[in-house]
Amino acid sequence: MRILGGWAVRRSVRALVREAGMEPLRLEHADDGLTVHVRLGPGPQDPVGLFRAVGARHPGLRLRVVTETTKPRR
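A brief structural summary. Quick caveat: nothing in here was measured; it's all calculated off a predicted structure.

Looking now at the environment of Gly33. By the secondary structure assignment, Gly33 is in strand S2 (residues 33-40). Considering only alpha carbons, one finds Gly33 and Arg62, 29 residues apart in sequence, at a separation of 4.5 Å.

A few words now on the nonpolar core. Membership of the largest hydrophobic core comes to 14 residues, with the highest contact counts inside it found for Val13, Val17, Val36, Leu50 and Leu63. In terms of residue count, the dominant contributor to this core is helix H1 (residues 7-19) (4 residues). Setting aside anything within four residues of it in sequence, one finds Val17 in contact with Met22, Glu23, Pro24, Val36, Val38 and Leu50.

Next up on the list: the sheet that holds strand S1 (residues 22-30). A sheet is described by the order of its strands in space; here 3 strands give the open sequence S1-S2-S3, paired in mixed fashion. Every other strand in the sheet has two partners, leaving S1 and strand S3 (63-67) as the edge strands with one partner each. In this sheet, neighbouring strand axes are inclined to one another by 25° on average, regardless of whether the strands run parallel or antiparallel. Strand direction decides the pairing type here: S1 and S2, joined by 8 bridges, are antiparallel. Note on S2: the bridge partner recorded for Glu23 is Arg39. Packing against the sheet, helix H2 (residues 47-57) makes contact with S1 and S3, and its axis sits at approximately 150° to S3.

Further remarks concern the environment of Gly41. As for its placement among the helices and strands, Gly41 is situated in the loop between S2 and H2. With relative accessibility at 22%, the residue Gly41 sits in the partly exposed group. Residues Gly41 and Ala20, spaced 21 residues apart in sequence, show a C-alpha to C-alpha distance of 9.3 Å. If we skip the residues at most four places from it in the chain, Gly41 touches Gly21 and Met22.

Definitions and cut-offs
- Position labels on residues start from 1 in each chain and follow its written sequence.
- The predicted nature of this model means local features are confined to residues of pLDDT at least 70 and side-chain atom pairs, given and counted, to a pLDDT of 80 or more, with totals for whole chains, interfaces and linings taken over all residues.
- Think of the side-chain values as coming from all heavy atoms in the structure, minus any hydrogens and water.
- Only DSSP runs of H or I reaching four residues or more are called helices, and only runs of E reaching two or more are called strands; each is numbered from the N terminus.
- Among buried residues, those of type Ala, Val, Leu, Ile, Met, Phe, Trp, Tyr and Cys that are joined through side-chain atoms within 4.5 Å constitute a nonpolar core.
- Burial status follows relative accessibility: with a 1.4 Å probe on protein chains alone, a residue under 20% of its type maximum counts as buried, one over 50% as exposed, and anything between as partly exposed.
- What makes two residues a contact is simply this: any of their non-hydrogen atoms within 4.5 Å.
- Pairing between strands is defined by DSSP: at least two bridges between them are needed.
- The axes used here are C-alpha line fits, helices contributing only the stretch in contact, and every angle between their N-to-C directions lies in the interval 0 to 180 degrees.

Take a look at the structure:
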């Protein structure tokens, strides 16, 4: 499946991820949509709001969010 809009959709999704309190690390096109790798921010996060906002702005786009963590210090 090709995602229509390309860079505009990616830029929009990055902005929505930031609004939800997360840091977008990278976006990957998958066969069935878009995968966003994020790092959680220090404040409150709103993952449900992120999915609602992406669904409202880009209907039909399947979004997958992967949370990446850093290795703990020793």
